[in-house]
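Read off the chains here:
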Amino acid sequence: MPHLKINGVTVDFPFTPYPCQTDYMTKVLECLENKKNGVLESPTGTGKTLCLLCATLAWRQHFKDNISARKIAERIKSAESMPSWGTTATDGETTMYYSDVPKIIYASRTHSQLTQVIGELRSTSYSPKVCVLGSREQLCINPEVMKQETNHVKVHMCRAKVSTRSCVFYNNVEEKSTDKEIINSILDVEDLVKAGNKQRVCPYYLARNLKQQAEIIFTPYNYLLDPKSRRAHNIELQGAVIIFDEAHNVEKMCEEVTSFDLTPYDLTSALQAVDKVLHELVENSGKEEDFTESSSSSALKLDAKDVATVKQVIMDLEMSINSYELQPNSKGLTKPGSFIYELFQKAQVNFQTKTAVAETIDQITGYLSNQSGIFLNTNGLQKLGDIIQLVFAGFTEEPSQTPTKELLEKRTQQFKVHIHVDSSNAKKKQTDIWAPTPSRKQGNVLSYWCFSPGFSMQELVRQGVRSLILTSGTLSPLSSFTAEMQIDFPVSLENPHVIQRDQIFVSIIDKGPDGTFLSSAFDRRFLPENMSSLGNTVVNLTRVVPDGLLVFFPSYPVMDKTLEFWRGNGQAERIESIKPMFVEPRGKGTFTEVIDGYYERVNEPSGRGGSFFAVCRGKASEGLDFANSYGRGVIITGLPFPPFMDPRVTLKMKYLDEMCRKKVPGVKYLSGQDWYRQQASRAVNQAIGRVIRHREDYGAIFLCDQRFKGTDARAQLPSWVRPYVKKYDNFGCMVRDVAQFFRVAQKLRPLPEKKPPPVPMAPGLCGGSSSSLGGGDSCRGGGAISCSSSQKAKTLDSHVPSLKRRRIDSTEMGGGVARLCVQYEAEIPTNQRRAQGLLDALENTEHSGPMRSDTHIQERLEELPSDVTRSNKRKIRLVQRPSTASASAAAASSQRSEATERSWKGHEFLVELKRHLSQESFSRLMEALKAYKQTDNLMDFIAKAAALLTPDPNTHRLLRGLYQAVRPHHKKRFHEQCVILTGEGCCYKPEHSLSKDEKRALTTHKGSEASSGPDEVSASASASAASLPVSSSTSAAASVPSAAASRSSSSSSASSAAASSELKDLMGDVQRALGPSRAKELFSCLTSYRKTQLYDQMVTTVVGILSEKDEYLPLLKRLEVFIPKSDRIRFKDMISSLTGGSDEQDSQPTGTSQPRGNSQTSQTKISTFFTGQR
């Protein structure tokens, strides 16, 4: 590993770092050496985590070396040796004890993210002592505790078992805490649980013991920010280095952990819980000994008076909150933060009584949690106890000392008390068995909201931390972020990305294809013309963006209503036909299934990818990794501002404006509007960060809102994005450029292999695994193997009712590679066909000469056609339609290429069979195939194959794969038998049952229909122009055919007549589709192109007109007759980019004339060319 010398510290890095990585580590070391705080932004894919770990651990080792040097110098009485060791790491400190070496506390948002960080640590040369903190929910392995319903019940039961030493796992903690294997291992949460189960030791308490000697502690950052969690885990911050990774969420978390909402439901359930205990105490007042014995496990040592006091507190607090008469539609009542103490004082909770009340509540909760029998909800009581601790936290515990009013106001200036009507009460009555009784009136909600993340950050600084480092890929804009934190950050960095210019495309799309301005502003977001234009924009982008496309909406209501509109107006169906739609659900329950379906769809080589619709600030925008083909493009459909009418948002803005007016010395505050804009920009930047995840990745970003054109909005984008932002005046020009971008990127950057989807970073999510053969190619073998994952994806149409009318019967076999296989097979003459599938491969082996004395599979592989071993793919070049003779040669070439491809599939399938079957089973299956070939007895063959392949569900797909070995007249029956045996068919189509003679006849018939191509049509254009009637709406069009004709050679009169008729049809179709005005504009553009030869200007206008609707695309293709040979290849490439190589003839409207020529064959070649079959 390279050894880097940075600021006098030697850093072991796994490879030679990029300049931006060196800069990043330099800033980290500057923070650590100088005891300063830092805010560091580095885009995803720049190795941020690795740099953090290597730099901090190298500095810590250097710190220890300095202590060693001092100790040596003291012993040998030689101070001269000191300078060689340096003092930069400790700033001249006189630390002489290794226990004073700072601990590293590495915090991230979730345990899933911490698991990835620990994985990076294992790839370095450093082996520190590690500890990862977690909750009992994640780490407890006691079966009795884990079966409890709620987390706080688990906590109390665990504590009870620990106090009585009745947990066998806890009893082994002390012994295993000194186990060297555990101490010296780098374990994440899953590893801890595995080790706990293996050695029968409690992972939760083991982690807490390991924390004492750990050099680096990994923890979710709410454990640090929440004072209660920090105390529960006994996290010592004095002198520690704290790193917040993925810190874009720290601001929100700081506010959340110090805020609460106390509802009438909470108080009612708390009152019921206290009533139960009080009732038991009164009943057992005469037999106290029995009660004490039965409840000894809960250690309830209270009398009825203490419990009655808690009941009175709850009742008084409820009365105080409900004493404010509020109208149901009112905005509520807002008071200063210090008002919270007045409310609790009315309930007899103050600085003198708070401790006793909180302890009593805690004991009551613990007692009820250990009660057997009917379950009683104690969530409300537990919440009330937590609230009391939160409100009175940070003050002296001495009952005799009460803070002054001025101190309370200063302490709570970042808070507001808001009392409002409980709007959720009616809903809880219907859905929650613990809801208040109908006789109880609707109450008020007490909200205590923190409006400054700096409150929690300043608390950390007061704990004596050495350095605070906040880092993420999306912290921009840094100035507003640091202002919110309310602490100094002398060190800052905005790192560039490691990608090149050809790997990123960023476009602001302010207008849709029809010229309508796009905006998600409140007054425009639901206008029909805005939603329609946005839908057409997305449809066009799905055509040019390969593989996976992400579409982010500002909120769930906007997404739901927009998708409803698209479904009713056809845009959703058009998107679905190109990239099947997957919609992010609101709940967590079905998210894994939806994201798995999307990953599997993108993985299918025969498809054109998928589209995933999500919301900014949602699950998909936060933790998921859409690298490579999973996220080639991201569309931002608007600026996701927070809901302006939300009381919390309104009060936050008022608070910030108020603090700005006060102008506190040394403290800078954002204005309310600045904060409001920052929230939208931060959410956009986080969504943008889902694409371009590593150095070799590439992708496009589309900002579809006219407000992105503003200077302020662009300035809020990440620094690595801003240099590449482009603005277009014409939609067609943007489409042309992005199509060119992806063509260049795919040539310069090798396409990644199709592989199982990545493990998402969000909790509980995992990529779906492909059940196909050969690494995810679920449609290989000409459609023989069932696309189960595809069908799952198509039936996952999720969470928007209007999207549930999907065509389940339109399987993937209808398009892509599988369809091409069928089409090519129909065109190949018998005398030119080579081995196609298993049956033909077996026929070849029988006529290949003597067999070698090797294994059964090796014999067949060696005797496959020789060119199978040389290459499994051949390029298909896109050219103009040639003459009849050259067309025949091209057809023969494509037939040979297709034969080779199918033979390779047979080869691959044999290898797959060999891998899954034993030698004996494989030999029996090959003998059954030979027997079927000789006897034509299908049912006997199925019986033998089923006996070998149906007992194990994992080999069902291999049985279906034998479809390619079945003769045409048996394919339908074999398909039906597979449905019976495995529950899935073989994607049977009627054309699969055609015999060789029938296919040959079909090929001959198709060949006879092909008569003229684009050149011949162009040649006869002048004659057609003369015979066309010229009206006011077609005068501009009349000169275009003449222009095209001047570039053509003469042809036969029959060919001219056919071309003339076709040209008339084309011009008529254009006028009928576009209307007189738009048709005139189109033909005027073509006429101007003839005179100026400005190809780009012509394409921009033509594409802008003909990409507005799907039904216009066939007309765009037919305009090729007007393009001279010098530009025709470019024009064809542009069309193929727009259509993705699909056959658009199927979508042509009824009554529109079809262009003559072998269009199906040429389209098939286009499809093959642009789907990677090169």
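In case you missed it, the structure is sitting above this.
Predicted model, so just to flag it, every value in this text is computed and none were measured. (Residues numbered from 1 in each chain as written. Predicted model: local features only at pLDDT ≥ 70, side-chain atom pairs only at ≥ 80, totals over all residues. Heavy atoms only, no water.)

Chemist: Lay out the sheet that holds strand 19 (residues 699-703) with the relevant residues and their values.
Modeler: Taking strand neighbours across the sheet as the criterion, the 7 strands line up as 16-17-15-18-19-14-20 in an open arrangement whose pairing is parallel. Two strands lie at the open edges of the sheet, namely strand 16 (581-583) and strand 20 (725-727), each paired on one side alone. With strand direction ignored, the average angle separating the axes of adjacent strands in the sheet is 20°. Taken together, the 3 bridges between strand 14 (residues 504-508) and strand 20 define a ladder with parallel strand orientation. Pairing of Ile508 across the sheet is with Lys727, part of strand 20. Each of strand 15 (549-553), strand 18 (633-636) and strand 19 touches helix 30 (residues 672-688); the most contacted strand, strand 18, lies at about 160° to it. (Pairing = 2+ DSSP bridges. Helix = DSSP H or I, 4+ residues; strand = E, 2+ residues; numbered from the N terminus. Axes fitted to C-alpha atoms, helices over the stretch in contact; angles between N-to-C directions. Contact = heavy atoms within 4.5 Å.)

Chemist: Requested: an account of the sheet that holds strand 5 (residues 130-132), with residues and values cited.
Modeler: The strand order across the open sheet built from 7 strands is 5-6-4-7-12-3-13, with neighbouring strands paired in parallel fashion. Among the strands making up the open sheet, the edge pair consists of strand 5 and strand 13 (491-494). In this sheet, neighbouring strand axes are inclined to one another by 15° on average, regardless of whether the strands run parallel or antiparallel. As paired strands, strand 4 (residues 104-108) and strand 7 (residues 241-244) are joined by 4 bridges and run parallel to one another. Its bridge partner lying in strand 7, Ala107 is registered against Phe244.

Chemist: Account for the pattern of salt bridges, naming residues and giving values.
Modeler: For side chains of opposite charge, pairing can occur when their charged atoms come near one another. Counting across every chain of the model gives 29 salt bridges. Note that Arg122 is salt-bridged to Asp191, the shortest N-O span being 2.5 Å. Note that Arg122 is positioned in helix 3 (residues 111-122) and Asp191 in helix 9 (residues 189-199), a separation of 69 residues in sequence. Residues Lys709 and Asp510 are paired through a salt bridge, measuring 3.2 Å at the closest nitrogen-oxygen approach. Remark: Asp510 occurs in the loop between strand 14 and helix 24 (528-544) and Lys709 occurs in the loop between strand 19 and helix 31 (711-715); sequence separation between them is 199 residues. A cluster of three or more residues bridged by salt bridges with shared partners is formed by Lys48, Asp245 and Glu246. (Salt bridge = Lys/Arg side-chain N within 4 Å of Asp/Glu carboxyl O.)

Chemist: Report on unusual backbone geometry, specifying residues and quantitative values.
Modeler: Notably, Arg200 is not glycine yet its phi reads approximately 55°, a positive angle. Structurally, Arg200 can be placed in the loop between helix 9 and helix 10 (203-213). The partly exposed category is assigned to Arg200, whose relative accessible area is 45%. (Buried < 20%, exposed > 50% of the residue type's maximum accessible area, 1.4 Å probe, protein only.)

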